[in-house]
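Coordinates in review
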Amino acid sequence: MSEVRLQVKHVSKNFGITKALKDVSFNINKGEVHALIGENGSGKSTMTNMLTGIYTLESGQFILDGKEANEEGISIIVQELGTLSGLTVAENIFLGHEDQFVHLGIKNTAAMNKKANELLQSYGFDKIKAGDMIDDYNFEDRKLVEIVKATYFNPKIVVVDETTTALSQEGREELYKQMNRVRDNGNTVIFISHDLPEILDKSDTITILRDGVYIDTVKSKDVTEDDLKK
């Protein structure tokens, strides 16, 4: 029996007169890649934006491991560029968590770079150096930095929101590898994509939303593309 990681309970969200989500409830389990699918306007990104704190939760609850969820333990990899220009690779990786390298008000840049290089090497991203400016790297390599930033601290949930559409096949394969790594560590990936063959191949479970309404949750191995289009 799978153990529930996240309970989505009666979640609703309005933008003016637009009802983006309408009393949506479903569960997401530990140790799975859980896809959210639906046409534009179905509520997928609205859901994950509330989960990660980008939007405020209007009504309903997110229950993470039996407790009211907050952004702690949840990270997101987005479609667009998610690193900040003007900072180093290491500063981007530890953005918002720099205090671990601060003593008596002074940041230990050498320690930060050392830790970042160790992480990059553990992911196999040796070509990227912690002390370099992020602007020295192309889009694909900056995405690799985002992957490290989003997953190094072993988050309970990693949201991958339409990220693969912006990547080459090599970049996609690297992202898939890291998604599997998160799942195999007993944590959860919430995967959003419009590519149904990709969804069926890379996810374990699929939740279908339509016009802000929950439709169904199915096992990927039990359905076809045609089933998902109905």
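Here's what I pulled together on the structure shown here. All figures in this text were calculated on a predicted structure; none of them were measured in a lab.

Definitions and cut-offs
Residues numbered from 1 in each chain as written. Predicted model: local features only at pLDDT ≥ 70, side-chain atom pairs only at ≥ 80, totals over all residues. Heavy atoms only, no water. Pairing = 2+ DSSP bridges. Helix = DSSP H or I, 4+ residues; strand = E, 2+ residues; numbered from the N terminus. Axes fitted to C-alpha atoms, helices over the stretch in contact; angles between N-to-C directions. Contact = heavy atoms within 4.5 Å. Phe/Tyr/Trp six-rings, centres within 6.5 Å; stacked < 30°, edge-to-face > 60°. Lys NZ or Arg CZ within 6 Å of the ring centre and 35° of its normal. Buried < 20%, exposed > 50% of the residue type's maximum accessible area, 1.4 Å probe, protein only. Expected span 1.5 Å × (residues − 1). Polar contact = N/O pair within 3.5 Å; in protein donor to acceptor, adjacent residues only side chain to side chain. Parallel < 35°, antiparallel > 145°, perpendicular 65-115°, else oblique. Nonpolar A, V, L, I, M, F, W, Y, C, P; charged D, E, K, R; others polar. Core = buried A, V, L, I, M, F, W, Y, C linked by side-chain atoms within 4.5 Å.

A look at the sheet that holds strand S10 (residues 188-192)
Reading across from one edge, S6-S9-S10-S3-S11-S12 is the order of the six strands in this open sheet, with mixed pairing throughout. At either end of the open sheet lies a strand with only one pairing partner, and these are strand S6 (74-77) and strand S12 (213-219). Averaged over all adjacent pairs, the angle separating strand axes in this sheet is 20°, with direction ignored. Where strand S11 (residues 205-210) meets S12, six bridges bridge the pair, whose relative direction is antiparallel. Paired with Leu209 across the bridge in S12 is Tyr214. Where helix H1 (residues 44-51) meets the sheet, it contacts strand S3 (32-37), S6, strand S9 (157-161), S10 and S11, and its direction lies at approximately 145° from that of S10. Where helix H4 (residues 139-151) meets the sheet, its contacts fall on S6 and S9, and the angle it forms with S6 comes to roughly 170°.

Topic: the sheet that holds strand S5 (residues 67-68)
Here we have four strands laid out as an open sheet, ordered S2-S1-S4-S5, and antiparallel in their pairing. Taken across any chain shown, the strands that pair with only one partner, and hence form the sheet edges, are strand S2 (18-29) and S5. The sheet contact formed by strand S1 (residues 4-15) and S2 spans eight bridges and is antiparallel. Of the residues in S2, the one forming a bridge with Leu6 is Ile28. Its contacts with the sheet place H1 against S1, S2 and strand S4 (59-64), and it is angled at close to 110° to S1.

Quick look at the packing of aromatic side chains
Using the criterion set out here, one finds six aromatic pairs in the structure. Taken together through their ring pairs, the aromatic side chains of Phe94, Phe101, Tyr152 and Phe153 make up a single cluster. If you follow Arg181 out to its NZ or CZ, it ends over the ring of Tyr123, 4.1 Å from the centre.

Overview of the environment of Phe15
Mapping Phe15 onto the fold places it in strand S1. Using a relative accessible area of 37% as the deciding quantity, one classes Phe15 as partly exposed.

Quick look at H4
Relative to the 18 Å expected for 13 residues at 1.5 Å per residue, H4 spans 19 Å between its end C-alpha atoms, a close match to the ideal helical length. With 10 of 13 residues buried, H4 lies mostly within the body of the structure. Those residues of H4 not exposed but buried are Asp141, Arg142, Lys143, Leu144, Val145, Glu146, Ile147, Val148, Ala150 and Thr151. Looking at the buried side of H4, the elements it contacts are S6, helix H2 (89-93), helix H3 (109-122), S9 and helix H5 (169-184). If you check the start of H4, you find a side-chain oxygen 3.2 Å away from the backbone N of Glu140, and it comes from Asn138.

A closer look at the packing of H4 against H5
It is at 11 Å that the axes of H4 and H5 come closest, and there the two elements cross at 5°. On the basis of their axis angle, the class for H4 and H5 is roughly parallel. Residue-level inspection shows Glu140, Leu144, Ile147 and Thr151 of H4 in contact with H5, the latter providing Gly171, Glu174, Leu175, Gln178 and Val182. Looking at the contact of H4 with H5 residue by residue, the class counts come to four nonpolar, three polar and two charged.

Some thoughts on the nonpolar core
Counting residues in each nonpolar core, the largest one holds 40 residues, and the members touching the most others are Ile93 and Ile206. Among residues more than four places away in sequence, those in contact with Ile93 are Ala116, Leu119, Leu120, Val145, Val148, Lys149 and Tyr152. Counting 19 residues, the second largest nonpolar core, distinct from the first, contains Leu36, Ile190, Ile192 and Leu209.

Some details on H1
Buried residues dominate H1, accounting for seven of its eight residues. Buried within H1 are the following residues: Lys44, Thr46, Met47, Thr48, Asn49, Met50 and Leu51. Following H1 by one or two positions, Gly53 adopts a phi angle in the positive range, close to 85°.

Thoughts on unusual backbone geometry
In this structure, Asp23 is a non-glycine residue whose phi angle is positive, near 50°. Phi is positive for Asp65, which is not a glycine, with a value near 50°. Residue class for Asp65 comes out partly exposed when judged on its relative accessible area of 27%.

Taken by themselves, the reported measurements are silent on function.
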